[in-house]
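Spelled out, the chains give:
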Amino acid sequence: MDSILVVNYSYTGVSRRAAQLLASHQGWPLGIVEDIHPRAGTRGYLRCMLDSLLGRRPRVHYSGPRPEDFRTVVLIAPIWMYRLAGPMRSFLHAHRLRRVAVIVTMGSAGASNAFAEVQHIIGKAPLATLALTAREIQTGSGTARLLAFGDQLRSRRAPTGMSAVTA
Ligand SMILES: Cc1cc2nc3c(=O)[nH]c(=O)nc-3n(C[C@H](O)[C@H](O)[C@H](O)COP(=O)(O)O)c2cc1C
């Protein structure tokens, strides 16, 4: 199937906002990765940090269309401790995906580690990568870059190595 699915994990809502914007703008379906054990309070926050520091794969629940039925999957997730958020790591290990684009949201740094981890898990470089700060999503100043990324992906003007921003 020549189609694109957006898959999102979000802890505090920033990446969710970016995913909803991209999916609704392009008319792409959105799948959601959620924690089986909610990360409430300080313990939840600490668990986020430990998941990253230890490279753990926390248990997750995915709801949405079957990712393997799509030609391309766009992952949108936050950075935790300079790494890909653990729940997205779990999702990636649970599915055999070959054509993946990656968008991360972050405070300021860690995107390149996350892109490298995705490449390691799926065994090939992501089609395209984009790093946005939480501030860019919250203020809307990153919206144009986010939507342009989707447009480029759709038109496949840069099918390999289209790195809009890496940090
Ligand atoms: C446990 C934890 C660790 C984080 N580590 C980093 C980090 O290493 N680098 C960074 O730039 N931002 C870091 N952040 C900030 C988030 O990546 C950023 O706020 C992101 O946009 C949150 O996305 P979300 O609302 O979808 O969860 C961290 C946030 C949390 C909760």
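The rules behind these values
- Residues numbered from 1 in each chain as written.
- Predicted model: local features only at pLDDT ≥ 70, side-chain atom pairs only at ≥ 80, totals over all residues.
- Helix = DSSP H or I, 4+ residues; strand = E, 2+ residues; numbered from the N terminus.
- Rg over C-alpha atoms; globule rule 2.2 N^0.38 Å.
- Buried ≥ 20, exposed ≤ 12 C-beta atoms within 10 Å, placed from the backbone.
- Contact = placed C-beta atoms within 7 Å.
- Core = buried A, V, L, I, M, F, W, Y, C linked by C-beta atoms within 7 Å.
- Axes fitted to C-alpha atoms, helices over the stretch in contact; angles between N-to-C directions.
- Parallel < 35°, antiparallel > 145°, perpendicular 65-115°, else oblique.
- Left-handed = near helix turned anticlockwise from the far one by under 90°.
- Nonpolar A, V, L, I, M, F, W, Y, C, P; charged D, E, K, R; others polar.
- Near = placed C-beta within 6 Å.
- Pairing = 2+ DSSP bridges.
- Right-handed = clockwise from strand over helix to strand, strands pointing away.
- Expected span 1.5 Å × (residues − 1).

K.L.:
Would you take a moment to explain the overall build of the chain for this structure?
P.N.:
Scanning the chain for helices and strands turns up six helices and eight strands. For the chain, whose C-alpha radius of gyration is 14 Å, the value lies close to the compact-globule estimate of 15 Å for 167 residues. Once the C-alpha set of the chain is aligned to its principal axes, its extents read approximately 45 × 35 × 25 Å. The burial tally for the chain puts 43% of its 167 residues in the buried class. Pairs at least 24 residues apart make up 78% of the contacts formed inside the chain by residues separated by at least 6 positions.

K.L.:
Help me understand the nonpolar core, please; the structure alone is not making it clear to me.
P.N.:
Where a protein is soluble and globular, its nonpolar side chains tend to be buried together. Membership of the largest hydrophobic core comes to 48 residues, with the highest contact counts inside it found for L75 and I103. Looking at which element gives the most residues to this core, the answer is strand β4 (residues 72–80), with seven residues.

K.L.:
Which parts of the structure should I look at to understand the packing of helix α1 (residues 14–26) against helix α6 (residues 143–155)?
P.N.:
Helix-helix packing is described using two parameters, namely the angle between the two axes and the distance between the axes. At a closest axis distance of 10 Å, the pairing of α1 and α6 adopts a crossing angle of 50 degrees. Classified by the interaxial angle, the pair formed by α1 and α6 is oblique. As α1 packs across α6, the resulting crossing turns out to be right-handed. For the pair formed by α1 and α6, the contact residues are A18, L21, L22, H25 and Q26 on the first element and T143, L146, L147, G150 and R154 on the second. When grouped by side-chain class, the residues that make up the contact of α1 with α6 number five nonpolar, four polar and one charged.

K.L.:
Before we go on, may I ask you to explain the site of the ligand in this structure?
P.N.:
Near the ligand lie 22 residues; those nearest to it are S10, V14, S15, P78 and G107. Looking at side-chain class alone, the shell around the ligand contains 13 nonpolar, eight polar and one charged residues.

K.L.:
Is there a simple way to explain unusual backbone geometry in this structure?
P.N.:
One can expect most non-glycine residues to show negative phi and most peptide bonds to be in trans. The phi angle at M81 is positive, at roughly 50 degrees, despite the residue not being glycine. The residue M81 is located in the loop between β4 and β5 (83–84) in this model. Even without being glycine, Y82 reaches a positive phi, approximately 65 degrees. As for its position among the elements, Y82 is in the loop between β4 and β5. A residue is classified by how many C-beta atoms lie within 10 Å of it, and Y82, with 14 of them, is partly exposed.

K.L.:
Is there a simple way to think about the pairing of strand β7 (residues 128–133) in this case?
P.N.:
On a regular strand, one side chain projects to one face of the sheet and the next to the other, so that they alternate. When you tally the buried positions in β7, you get six out of six residues, the bulk of the element. The alternating pattern of β7 places A128, L130 and L132 and T129, A131 and T133 on opposite faces, both of which are buried. Two elements, strand β6 (residues 100–106) and β7, share six bridges in a ladder whose sense is parallel. Within β7, the residue paired with M106 across the bridge is T133. Following the chain from β6 across helix α4 (residues 111–122) to the adjacent parallel β7, one finds a crossover that is right-handed.

K.L.:
What is the right way to look at the environment of E68 in this model?
P.N.:
Examined against the element boundaries, E68 turns out to sit in the loop between β3 (60–63) and β4. In this structure the C-alpha to C-alpha distance between E68 and R96, which are 28 residues apart in sequence, comes to 6.8 Å. Ignoring anything within four residues of it in the chain, the contact list for E68 reads H95 and R96.

K.L.:
For this particular structure, what's the right way to read α1?
P.N.:
Since there are 3.6 residues in each turn of an α-helix, residues three or four apart along the chain are aligned in direction. Compared with the 18 Å implied by 1.5 Å per residue over 13 residues, the 19 Å span of α1 between its first and last C-alpha is a close match. Buried within α1 we find V14, S15, R17, A18, A19, L22 and A23. Two residues or fewer past α1, G27 is found with a positive phi of approximately 75 degrees.

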